[in-house]
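# Coordinates in review
Here are the chains, one letter per residue:
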Amino acid sequence: MALEITDANFEETVLKSEKPVMVDFWAAWCGPCRMVGPIIEDISKDYDGKAVVGKLDVDANQEFAAKYGVRNIPTVLIFKGGEVVGRQVGVAPKTTYAEALDALL
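Only a predicted model underlies this, so the values are computations on that prediction, with no experimental measurement involved.

Below, the discussion takes up the nonpolar core. In a soluble, globular protein the nonpolar side chains are often hidden away together inside. Residues Phe10, Val23, Phe25, Ile73 and Phe79 are the most contacted members of the largest nonpolar core, which totals 19 residues. Those elements giving two or more residues to this core turn out to be helix H1 (10-15), strand E2 (21-26), strand E3 (52-57), helix H3 (63-67) and strand E4 (75-80). By residue number, the principal contributor to this core is E2, which donates three residues. When near neighbours in sequence (up to four residues on either side) are disregarded, valine 23 contacts Ile5, Val14, Gly54, Leu56, Thr75, Val76, Leu77 and Phe79. One finds Ala2, Ile43, Ala51 and Ala98 within the second-largest nonpolar core, a separate group that totals 15 residues.

Of the residues making up helix H4 (residues 94-102), those classed as buried are Tyr97, Ala98 and Leu101. An end-on view of H4 places all buried positions within 95° of arc, on one side of the element. Where H4 is buried, its residues touch E2, helix H2 (31-46), E3, E4 and strand E5 (83-89).

Our focus in this paragraph is the sheet that holds strand E1 (residues 3-4). On the basis of which strands lie adjacent, the open sheet formed by five strands has the order E1-E3-E2-E4-E5 and mixed pairing. Edge positions in the open sheet fall to E1 and E5, since each of these has one partner strand only. Pairing of E4 with E5, which is carried by six bridges, proceeds in the antiparallel orientation. Bridging from a neighbouring strand, phenylalanine 79 pairs with valine 84 of E5. Relative to the sheet, H2 contacts E2, E3 and E4, its axis offset from that of E3 by approximately 155°. Sitting on the sheet, H4 touches E2, E3, E4 and E5, and the angle it makes with E4 is about 15°.

What follows concerns the pairing of E2. Most of E2 is tucked away, with five of its six residues classed as buried. Of the pairings in the sheet, the one linking E2 to E3 comprises six bridges and is parallel in character. Looking across to E3, one finds that valine 23 is bridged to glycine 54. Following the backbone out of E2, through H2 and into the adjacent parallel E3, one traces a crossover that is right-handed.

Moving on: the side chain of asparagine 61. Mapped onto the elements, asparagine 61 comes out in the loop between E3 and H3. For asparagine 61, the side chain forms a polar contact with the main-chain nitrogen of aspartate 7, separated by 3.0 Å. In this view, asparagine 61 contacts Ile5, Thr6, Asp7 and Leu56; residues no more than four positions away in its chain are not counted.

Conventions adopted
- Residues numbered from 1 in each chain as written.
- Predicted model: local features only at pLDDT ≥ 70, side-chain atom pairs only at ≥ 80, totals over all residues.
- Heavy atoms only, no water.
- Core = buried A, V, L, I, M, F, W, Y, C linked by side-chain atoms within 4.5 Å.
- Buried < 20%, exposed > 50% of the residue type's maximum accessible area, 1.4 Å probe, protein only.
- Helix = DSSP H or I, 4+ residues; strand = E, 2+ residues; numbered from the N terminus.
- Contact = heavy atoms within 4.5 Å.
- Arc of directions from axis to C-beta.
- Pairing = 2+ DSSP bridges.
- Axes fitted to C-alpha atoms, helices over the stretch in contact; angles between N-to-C directions.
- Right-handed = clockwise from strand over helix to strand, strands pointing away.
- Polar contact = N/O pair within 3.5 Å; in protein donor to acceptor, adjacent residues only side chain to side chain.

Right, here's the structure in full:
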């Protein structure tokens, strides 16, 4: 199950993580986000223990969406060592997300 990431836990969960982190910036009203959701859930199971995979609702948590320039959703950012090292805007196949994490493991 993908973690619920919020403005309140973002720094601890994402920026201070020793593992690579994938964050899906999404909203409930966004059709393409609903297409990416099951892919992110699969990735979270596949990479359990190897990477942190979470979802951030941009309607409820705007601070970090704004900080990282998320203007279109879904946007998936990949962090390593507290820095953004990858960005995927829009819907992509599962392999795209998996390859981005594999490159960091």
